[in-house]
Amino acid sequence: MSDERYEYWLLINDTISNFDSLPNIELRANKIKSYIIDNLKTGNIFGREYLTVYFIFKRLIPKHSQQIDSLINLYILEYSKYPKDSIEAFAINDNIFILEILNGNFKSGLENYIKRLFLLDYNFARKNPPQCPHNFIGSFLVSANVKPLLFKIVKDLFSIDFYFSLNKRDRRSVVNWVWNTLWGFTPRILLNERKEIEDIYEDLKDIIYKLISLDSIDEVLHFSMFVYNIAIEAFIQGQDEYKKLQDEIVAPCSQYYKKWIEKNKNVIKELPFKKIENGKKKKIALVRPNIGYWSPFIAEYSILKGLKEDKKFNDNYEIIVYSMDYFELWNSMRDDCRADSRKCSEMLMEIGSDYRVPLDEFHKDLFYNNHLNKIIKFREKIIEDQIDILIYSDHLYSCGEFLFLSRSAPKQIYWAHSNLWYDVEGIDKRIIHFSPYDNRFEGNPFKWEFFTVTIDKKFLNPEEETKKREAERIKKYFPKGSIFLGSIGRLSKINNWEYLSTVAEIMKSNPETVYIACGTGNENEIKEKLKKLGISDRFYMVGFVDPHIYGYVIDIYLNTFPEPSGQSVVEFLNKGLNKFLVSL
């Protein structure tokens, strides 16, 4: 950035920071506007940091100019000349939006900017963060406070006519951008509006059905994973919604996969051995979409460590942990997430577990990898390793369905972490690691085998004294003498009238109580219920937190229902004798 560019960038920031106190705000804004337009007229484009002029001109609302319209049209023509994986395409798109802002076209300008951006190459954006606005766009959209418009844009992108007017590569780009920029990861811009997301879900469902009718299996595998992830993150609150997902997504997709497998027996290798041989050490595959430091890993690590200390088990079984390393399911290209994954893999290897990531060959295609080829290659690796027992959990979505339906091991086990209605052909046994006596099992037609997990001590009270000190600091922000009620986990678990009204009764009878809701989810919907219940002023939603800090903040954990809390309860109860769990 030249000295002059830097000077004007500082001027823009100063104007935003001191907008209300500047006496000559319009004069200063016109100076900035003239400088940008004069440069763009000569083809000198600006970096995306100049998009922040939005926060000046949105408040001033500049007059519309035909001259700027002409300049916009010239840049749109220039934009069309560059490939979608070029710095020029990204930069020109940014500058078209800057011109739209200077011309007062805030709504239509942003709408067209996002639609153009989401057709550009997502891999290129992730590989070139200094030039491309992957990380910037999320924070910019949060600051711009344009969530209603974003829902409209997403709905337009996934309208069946527009979506299928695009080629396959562009369709994948739309999914990549929406999933990773607006939905999947921080700041999760579109997470908290359940009604709008359910509306978009209907469009997504129609797209899946259309892809099935077109026999586009790679797209069905990828797109259904996208829909599962959004549904589970955004609006599934209990087993009724899981059953809906089973009926509307899993069942039609798995029926399609089954037909495809039967038609393509030349591609899908038949399992070379039909039953588990007696007398040999049996191989168990525990298959994960990726490895990350979260509750399923904690449970699985604890089990694996315990089994490693069991001689009889080790004399008869060998467990191999496989990661399919799906980029789509978490921010796996971020350095901190990669470090998190390495930490987990090192922990597994330290206890002598065999950990494998057999699909490195697909990393070169990143977010555009072929899901069909990836699953077929993974299945072939499972067969090559002569796996006897395949264990797959409800976090694997479409790839797990394909593995089950194509019979990838002599014995195939479904391990439920939350979804009790998941059902595809090829499941030989269902296992679960929580109590069979809660109401989640009401009306469930399947046979389950239950077992318990003793969580390894290393997960229960890490850095105990440091966490306690931080908890005491947090408590000072609340009224003195407060008794802290709370819960830790997805907010969907508390987002029901029965639970919140019960909490309200407790709080009204005990005026010294406050409630700390730890986790992310449908905040706006919960706030509406809290207003009606009259406890808004004492109910705090603190977002994603360190459970080992807030476990010391909360005095009484009010267990959620109908979906009870899981790992978080175990961690909470290990914070001391003065911690209490109440199941309502």
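Since this is a predicted model, take the numbers as computed values, not measurements.

Brief notes about the overall build of the chain
Consideration 1: When helices and strands are tallied, the chain shows 24 helices and twelve strands.
Consideration 2: The C-alpha atoms of the chain give a radius of gyration of 27 Å, which matches the 25 Å a tight globule of 584 residues would have.
Consideration 3: Its C-alpha atoms put the chain at 85 × 70 × 40 Å along the principal axes.
Consideration 4: When burial is assessed residue by residue, the chain has 58% of its 584 residues classed as buried.
Consideration 5: Put simply, of all contacts in the chain between residues at least 6 apart along the chain, 73% involve residues at least 24 apart.
Consideration 6: Roughly 26,000 Å² of accessible area belongs to the chain as shown, and the carbon and sulfur atoms make up 51% of that amount.

Comments concerning the layout of surface pockets
Consideration 1: One number sums up the size of the second largest pocket: a volume of about 520 Å³.
Consideration 2: Looking at the second largest pocket, it is lined by 22 residues, and the ones nearest its centre are I284, L307, F313, I391 and I431.
Consideration 3: Counting only elements with at least two residues in the lining of the second largest pocket, the list comes to β1 (282-288), α15 (295-308), β2 (317-323), β4 (389-393), β5 (411-416), β6 (429-432) and β7 (449-450).
Consideration 4: Top contributing element to the lining of the second largest pocket by residue count: α15, with four residues.

Side note on the pairing of strand β9 (residues 513-518)
Consideration 1: Among the six residues in β9, six count as buried, and that is most of the element.
Consideration 2: Side chains T513, Y515 and A517 project from β9 onto one buried face, and the interleaved V514, I516 and C518 project onto a second face that is buried too.
Consideration 3: This β-α-β element, strand β8 (residues 483-488) to helix α21 (residues 497-509) to β9, shows right-handed connectivity.
Consideration 4: Handedness of the crossover is the feature at issue here: the chain leaves β9, passes through helix α22 (residues 523-533), returns alongside strand β10 (residues 539-543), and the resulting connection is right-handed.

Looking at the side chain of S408
Consideration 1: Of note, S408 is situated in the loop between α19 (397-405) and β5.
Consideration 2: At 3.4 Å, the side chain of S408 and the side chain of R379 are in polar contact.
Consideration 3: Not counting residues up to four positions away in its chain, the partners in contact with S408 are L271, R379, I382, I383, L390 and L403.

Brief notes about the pattern of salt bridges
Consideration 1: Per the stated rule, a full pass over the model turns up 38 salt bridges.
Consideration 2: The salt bridge partner of E563 is R440, with a shortest N-O separation of 3.7 Å. Of this pair, E563 sits in the loop between β11 (556-559) and α24 (567-573) while R440 is found in the loop between β6 and β7, placing the two residues 123 residues apart along the sequence. For the pair E563 and R440, a shared accessibility class is recorded, and that class is buried.
Consideration 3: Bridged by salt links that share partners, the residues D354, R356, K381, E384 and D385 form one connected network.

Topic: empty space enclosed by the protein
Empty space among the atoms can be located by rolling a probe the size of a water molecule over them.
Consideration 1: Considering all chains together, one arrives at three cavities of 30 Å³ or more under this definition.
Consideration 2: By volume, the largest cavity amounts to about 50 Å³.
Consideration 3: Each residue belonging to the lining of the largest cavity can be placed in one class, and the counts come to five nonpolar, four polar and two charged.

So, the sheet that holds strand β3 (residues 354-356)
Consideration 1: As summarised here, the arrangement of the seven strands in space is β3-β2-β1-β4-β5-β6-β7, forming an open sheet in which the pairing is parallel. Of all strands in the sheet, those bounded by a partner on one side alone are β3 and β7.
Consideration 2: Here seven bridges tie β1 to β2, and the two strands are oriented parallel to one another. Of the residues in β2, the one forming a bridge with I284 is I319.
Consideration 3: Strands β1, β2 and β5 of the sheet are contacted by α15, whose axis makes an angle of about 165 degrees with β1.

Quick look at the sheet that holds β10
Consideration 1: Taken in spatial order, the five strands make up an open sheet running β10-β9-β8-β11-β12, and their pairing is parallel. Taken across any chain shown, the strands that pair with only one partner, and hence form the sheet edges, are β10 and β12 (580-583). On average, each strand axis in the sheet is tilted by 30 degrees relative to the strand beside it, whichever way the strands run.
Consideration 2: One ladder, built from four bridges, connects β11 with β12; its direction is parallel. By the bridge assignment, Y557 is partnered in β12 with L581.

Quick notes on the packing of helix α18 (residues 371-384) against α19
Consideration 1: As a packed pair, α18 and α19 sit with axes 10 Å apart at the nearest point and diverge in direction by 50 degrees. One way to sum up the angle between α18 and α19 is to call them oblique. Crossing hand, α18 versus α19: right-handed. Along its contact with α18, which presents L372, I375, I376, F378 and R379, the element α19 presents C399, F402 and L403.
Consideration 2: Classifying every residue of the contact of α18 with α19 by side-chain character gives seven nonpolar, no polar and one charged.

Structural notes on the nonpolar core
Consideration 1: Ranked by internal contacts, the top residues of the largest apolar core, which has 138 residues, are I36, F158, F223, F226 and F402.
Consideration 2: No other element matches the twelve residues that helix α13 (residues 217-234) contributes to this core.
Consideration 3: Ignoring any residue separated from it by four or fewer positions in sequence, one finds F158 in contact with Y163, V174, V175, V178, D203, L204, I207, F223 and F226.
Consideration 4: Counting 25 residues, the second largest nonpolar core, distinct from the first, contains I291, L304, I319 and L460.

Some points on the packing of aromatic side chains
Consideration 1: Overall, the coordinates contain 44 aromatic pairs when judged by the stated rule.
Consideration 2: When the centroid spacing of 5.8 Å and the interplanar angle of 70 degrees are considered together, the rings of Y35 and F46 count as edge-to-face. Placement of the pair is Y35 in helix α2 (residues 25-41) and F46 in the loop between α2 and α3 (54-60), with a sequence separation of eleven residues. For the residue pair Y35 and F46, the accessibility class agrees, reading buried in each case.
Consideration 3: An aromatic cluster is built from Y392, F404, Y414, Y422, F441, W448 and F450, whose rings are joined through pairwise contacts.
Consideration 4: The aromatic ring of F46 is capped on one face by R5, whose charged end is 3.9 Å from the ring centroid.
Consideration 5: For R169, the ring lying beneath its charged end belongs to Y368, and the centroid distance is 3.6 Å.

Description of the confidence of the model for the chain
Interpreting fine coordinate detail is not advised for predicted regions of low pLDDT.
Consideration 1: With 94% of its residues at a pLDDT of 70 or more, the chain shows a mean pLDDT of 88.
Consideration 2: The least confident element of the chain is helix α8 (residues 134-144), whose mean pLDDT is 78; the most confident is helix α10 (residues 160-163), at 97.

A few points about the pairing of β8
Consideration 1: Judged by how many residues are buried, β8 sits mostly within the fold: five of six residues are covered.
Consideration 2: In this sheet, β9 lies alongside β8 in parallel orientation, the contact comprising six bridges. Within β9, the residue paired with S487 across the bridge is A517.
Consideration 3: Bridge analysis of β8 against β11 gives two bridges, and the strand direction is parallel. Pairing of G486 across the sheet is with Y557, part of β11.

Conventions adopted
- Residue indices follow the written sequence of each chain, beginning from 1 at its first position.
- Only residues with pLDDT of at least 70 get local features here, since the model is predicted, and only at 80 or more are side-chain atom pairs given and counted; chain-wide, interface and lining totals rely on the full set of residues.
- Only hydrogens and water are removed before side-chain values are computed, so all heavy atoms of the structure are retained for them.
- Helix and strand assignments come from DSSP, with helices taken as H or I runs of at least 4 residues and strands as E runs of at least 2, each series counted from the N terminus.
- Atoms counted for the radius of gyration: C-alpha only. Globule rule: 2.2 Å times the number of residues to the power 0.38.
- Classification of residues uses two cut-offs on accessible area relative to the type maximum, computed with a 1.4 Å probe and protein chains only: under 20% is buried, over 50% is exposed, and between them is partly exposed.
- Whether two residues are in contact is decided by their heavy atoms: any pair within 4.5 Å suffices.
- Reported accessibility uses the Shrake-Rupley method at a 1.4 Å probe radius. Residues are deemed covered only where the shown protein chains occlude them.
- A pocket here means an open set of points on a 1 Å grid, computed over the protein atoms alone, that has protein on both sides within 12 Å along at least five of seven lines. A cavity is instead a set of points where a 1.4 Å probe fits but cannot get out; residues with an atom within 4 Å of a point line either one.
- Grid points are joined across faces, edges and corners, and a volume is the space filled by probe spheres set on the points.
- Seen with the strands pointing away from the viewer, any crossover whose path from the first strand over the helix to the second strand runs clockwise is right-handed.
- Polar contact is the term for a pair of N or O atoms within 3.5 Å; when the atoms are in protein, one must be able to donate a hydrogen and the other to accept it, and sequence-neighboring residues count only if both atoms are side-chain atoms.
- What makes a salt bridge here is a side-chain nitrogen of Lys or Arg within 4 Å of a carboxyl oxygen of Asp or Glu, nothing more.
- Put simply, Ala, Val, Leu, Ile, Met, Phe, Trp, Tyr, Cys and Pro go in the nonpolar bin, Asp, Glu, Lys and Arg in the charged bin, and everything else, Gly too, in the polar bin.
- Strands were regarded as paired on the criterion that DSSP finds at least two bridges between them.
- Think of each axis as a best-fit line through the C-alpha atoms, taken over the contacting stretch in the case of a helix, with angles from 0 to 180 degrees between the N-to-C directions.
- Roughly parallel means an angle under 35 degrees; roughly antiparallel means over 145; roughly perpendicular covers 65 to 115; every other angle is labelled oblique.
- In this scheme the crossing of two helices becomes right-handed for a clockwise turn of the near helix relative to the far one and left-handed for an anticlockwise turn of less than a right angle.
- Residues grouped as a nonpolar core are buried Ala, Val, Leu, Ile, Met, Phe, Trp, Tyr and Cys residues, joined through side-chain atoms within 4.5 Å.
- Only Phe, Tyr and Trp rings take part, Trp by its six-membered ring, and two of them pair if their centres are within 6.5 Å. Stacked means planes under 30 degrees apart, edge-to-face means over 60, and tilted covers everything else.
- Note on criteria: charge over ring means Lys NZ or Arg CZ within 6 Å of the ring centre, with the direction from the centre no more than 35 degrees off the ring normal.
- Known as pLDDT, the predictor's confidence for each residue is given on a scale from 0 to 100.

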